[in-house]
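In case you want the letters, here they are:
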Amino acid sequence: TAITGGGFPISLYPSKIQHIIREVNDCYGFPVDYVAAAMLVAVSVAIGNTHLARMKEGWDESAILYMALIGRPGANKSHPLSFAMRPFVEHDYEQNQIYEKQYLEYQDQLDMSRKERAEKGIEVCPREPVRHRFLVSDITPEGLSLVHSQNRRGLCLLSDELSAWVKNFNRYNNGSESEFWMSVFNHKVAISDRKGSQSGVFIRNPFLCVIGTIQPKVLTDLAAGNRNANGFMERILYVFPSDQTKPKWNRSRRIPSFDIAAEWRGILSRLIDIVPKVDADGEIISEDVPFSSDALDRLYQWQNEQTDRCNADGSDTLTSIASKLEIYAIRFSLLLALADWACGSEKKMIDVDTVERAIRLTEYFRSTASKVQGIISEDALTELQLAVLSELPDSFTTAEGVAIAGKCGMSERSFKRFLRDRKGVLFAHSSHGNYTKL
């Protein structure tokens, strides 16, 4: 069946996952980009700290993803997110039922005397039970530290309105929380101290994914507070389908030909059911997934080509996007290799085909990142820059642009700097001395 309304390259997924994406698109009308991208994060959450992609000794990458599903009101972005994350909701619900029962038993044991506990064969000092989970929502770094210490495999911050996540960054002091999340992204020790507070955060081996929805008109909230200059924005993967129309209800849609929820749950379960090794401190010992030699050669070749392009363009924005996408290319390689394994592949190995698929996925997110930066950039333009942008035709030469800018009151030097700084965001360099508006 042909898919509708999608630019996401779903062919890079294993056929079992492709089949699910096509079915939910055909039967429920869920936009392909939202479904496919949210499923990518779900695979990441299921993997958690159990596996790392090994580039070389001392350089391992985790599967951590930060993702924003962008869409106008009514663009049908929440339902695909709910579908993809449903197995974790079900898991957490079941675990909460177990926890509540254990907690009641724990309270009963606390009410007993030491003698009664001894007679019943109960520990003299009962241990408070732990609630096992994958998902969190509105939570502070301090709360995350506690929950993560009890769930060292990893967690996912699931937020239906992602703008609420960043709006809470300044609840206590400016900047510290965005820095915390930037540190977590790197899968390094996360430390955060509150000024004038005894509480703090120390997570030795953090694995925290983030996914949520956001409307285009509030993207500037995401970029506020210097977050579009400190590398925070580039850590987020953006899903922004070109079709933003509100879909109509359709009674003629067929019912699914198989239990898609069960099929998806089964794929994730193979990853969730992995029991990792732990060290003496209870920290998970991650299994390294190696690259084949030719896979590494292809990845290095691609990175070098991107670096040459960035150096030639001279755009700080595009270079910053490229730097984070290089990290994501490694993470996508790990995710796709483990998705293959969850769908029946025998070996956990990153071969050259896996890297090629990861590169395709990276290029998809490069285009959406440029689209987001274009929106943010246009919102940040001065009145003079907006006037020049409005007067410029869809295609123009440098000389034509200088002339138009001059009529608006912008100097040649200022226009060329404007052109350079917004290259790849508002303008595309089609050939020598020729540009098009994006």
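Everything discussed here concerns the structure shown above.
Residues numbered from 1 in each chain as written. Predicted model: local features only at pLDDT ≥ 70, side-chain atom pairs only at ≥ 80, totals over all residues. Heavy atoms only, no water.

A. Representation of the pairing of strand 1 (residues 51-56) within the structure. In this sheet, strand 12 (residues 287-290) lies alongside strand 1 in parallel orientation, the contact comprising four bridges. Opposite leucine 52, over in strand 12, you have aspartate 288 as the bridge partner. Here strand 1 pairs with strand 2 (residues 59-61) via three bridges, running antiparallel. Within the sheet, the bridge partner assigned to lysine 56 lies in strand 2 and is tryptophan 59. (Pairing = 2+ DSSP bridges. Helix = DSSP H or I, 4+ residues; strand = E, 2+ residues; numbered from the N terminus.)

B. Molecular detail of the environment of alanine 337. Within the secondary structure, alanine 337 sits in helix 11 (residues 316-342). Residues alanine 337 and lysine 347, spaced ten residues apart in sequence, show a C-alpha to C-alpha distance of 8.6 Å. In this structure, alanine 337 is in contact with Met349, Ile350 and Thr354, ignoring residues within four places of it in sequence. (Contact = heavy atoms within 4.5 Å.)

C. Region of the structure containing the side chain of asparagine 151. Summarising the element assignment, asparagine 151 is placed in the loop between helix 5 (141-150) and strand 5 (155-159). Relative accessible area serves as the criterion here: at 7%, asparagine 151 is assigned to the buried category. Within polar-contact distance, the side chain of asparagine 151 engages the backbone oxygen of arginine 131 at 3.4 Å. (Buried < 20%, exposed > 50% of the residue type's maximum accessible area, 1.4 Å probe, protein only. Polar contact = N/O pair within 3.5 Å; in protein donor to acceptor, adjacent residues only side chain to side chain.)

D. Molecular detail of the sheet that holds strand 9 (residues 237-239). Reading across the sheet, the five strands line up as 4-5-8-3-9 and stay open at both edges, with parallel pairing between neighbours. The outermost strands of the open sheet, each flanked by one partner alone, are strand 4 (135-136) and strand 9. Of the strands in this sheet, strand 3 (66-70) and strand 9 touch helix 12 (residues 352-379), which is tilted by about 85° from strand 9. (Axes fitted to C-alpha atoms, helices over the stretch in contact; angles between N-to-C directions.)

E. Highlighting unusual backbone geometry. Even without being a glycine, asparagine 76 presents a positive backbone phi close to 65°. With respect to the helices and strands, the residue asparagine 76 is situated in the loop between strand 3 and helix 3 (78-111). On the accessibility criterion, asparagine 76 (14% relative accessible area) is buried. Backbone geometry at histidine 187 places phi at a positive 60°, although glycine is not the residue there. Secondary-structure assignment places histidine 187 in the loop between helix 7 (176-185) and strand 6 (190-193).

F. Broad picture of the packing of helix 14 (residues 398-408) against helix 15 (residues 412-421). Look at helix 14 against helix 15: their axes get within 9 Å of each other, and the N-to-C directions meet at 120°. The pairing of helix 14 with helix 15 is recorded here as oblique in orientation. Note that helix 14 runs across helix 15; the crossing there is right-handed. Residues Thr398, Gly401, Val402 and Ala405 of helix 14 touch helix 15, and the partners they reach there are Glu412, Phe415 and Lys416. For the contact of helix 14 with helix 15, the residue count by class is three nonpolar, two polar and two charged. (Parallel < 35°, antiparallel > 145°, perpendicular 65-115°, else oblique. Left-handed = near helix turned anticlockwise from the far one by under 90°. Nonpolar A, V, L, I, M, F, W, Y, C, P; charged D, E, K, R; others polar.)

G. Examining helix 12 more closely. Look at helix 12: 41 Å from first C-alpha to last across 28 residues, which is about the 40 Å you get at 1.5 Å a residue. Two to three positions downstream of the cap, the backbone nitrogen of aspartate 353 sits 3.2 Å from a side-chain oxygen, assigning the N-cap of helix 12 to aspartate 351. (Expected span 1.5 Å × (residues − 1).)

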